[in-house]
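# An overview of the molecular structure
Read off the chains here:
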Amino acid sequence: MPDSITPMPAATDAPASTRRTVPGRSRLAVVGVAAAAALAGWAILGPLAGLTLEARQGGVQHIGAISVVVATIVVAFAAWGLLAILERRTQRRAGWARDTWTVIATIVCVLSLGSPLTNGIGLGAKLGLASLHLIVGATVVIGLRRTAVAAERC
């Protein structure tokens, strides 16, 4: 029996190339972070700064905390779904799904700015709602891109 016991290496001691990641958990964290960021942005713009976040969609719609969080979660899960579909369809070409998804997601984010900029009531609401779109878009694009399979480097 040896005199000293050698501790088992911790999971974080493994080199980055041998660590296994769980994309589902990481992606779920991205959804949560995006929802929290959107809610924080809404709280700063609405209750703290005093902006009235309203938009014309059929009638006048007040943009509240629940609608911000629900819309963020729906968009983030849709983005996750598209990334998963692209990854499954293009398993042989590592990185292609990630790059294609990033282009699509960025275009969708930019196009989504049209709604608050045209339907927001007042300049403050237009800029505030557009900033919420950018907060969610940036969080989802950067976060989900990091969970995707990257192209192998030579």
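Please read these numbers as outputs of a predicted model, since none were measured by experiment.

### Section: the nonpolar core
Across soluble globular proteins, nonpolar side chains show a tendency to be buried alongside one another. With 25 residues, the main nonpolar core has Leu-53, Val-68, Trp-101, Leu-129, Leu-132, Val-140 and Leu-144 as its most contacted residues. Only helix H1 (23–48), helix H2 (65–89), helix H3 (96–112) and helix H5 (123–147) provide two or more residues apiece to this core. Residue contacts for Leu-53: discarding those within four places in its chain leaves Trp-42, Leu-45, Gln-61, His-62, Ile-63, Ala-125, Gly-128, Leu-129 and Leu-132.

### What about the packing of H2 against H3?
In the contact formed by H2 and H3, the axes pass within 9 Å of each other and the chain directions differ by 145°. Judged by the twist between their axes, the crossing of H2 over H3 is right-handed. Residues Ala-79, Leu-82, Leu-83, Leu-86 and Glu-87 of H2 pack against Trp-96, Ala-97, Arg-98, Thr-100, Trp-101 and Ile-104 of H3. Within the contact of H2 with H3, the residues separate by chemical class into eight nonpolar, one polar and two charged.

### Some remarks on the side chain of Thr-102
Position of Thr-102 relative to the elements: it lies in helix H3. A polar side-chain atom of Thr-102 sits 2.7 Å from the main-chain carbonyl oxygen of Arg-98. Each residue touching Thr-102, except ones within four places of it in the same chain, is listed here: Val-141 and Arg-145.

Scoring rules and cut-offs
- Residues numbered from 1 in each chain as written.
- Predicted model: local features only at pLDDT ≥ 70, side-chain atom pairs only at ≥ 80, totals over all residues.
- Heavy atoms only, no water.
- Core = buried A, V, L, I, M, F, W, Y, C linked by side-chain atoms within 4.5 Å.
- Buried < 20%, exposed > 50% of the residue type's maximum accessible area, 1.4 Å probe, protein only.
- Helix = DSSP H or I, 4+ residues; strand = E, 2+ residues; numbered from the N terminus.
- Contact = heavy atoms within 4.5 Å.
- Axes fitted to C-alpha atoms, helices over the stretch in contact; angles between N-to-C directions.
- Left-handed = near helix turned anticlockwise from the far one by under 90°.
- Nonpolar A, V, L, I, M, F, W, Y, C, P; charged D, E, K, R; others polar.
- Polar contact = N/O pair within 3.5 Å; in protein donor to acceptor, adjacent residues only side chain to side chain.

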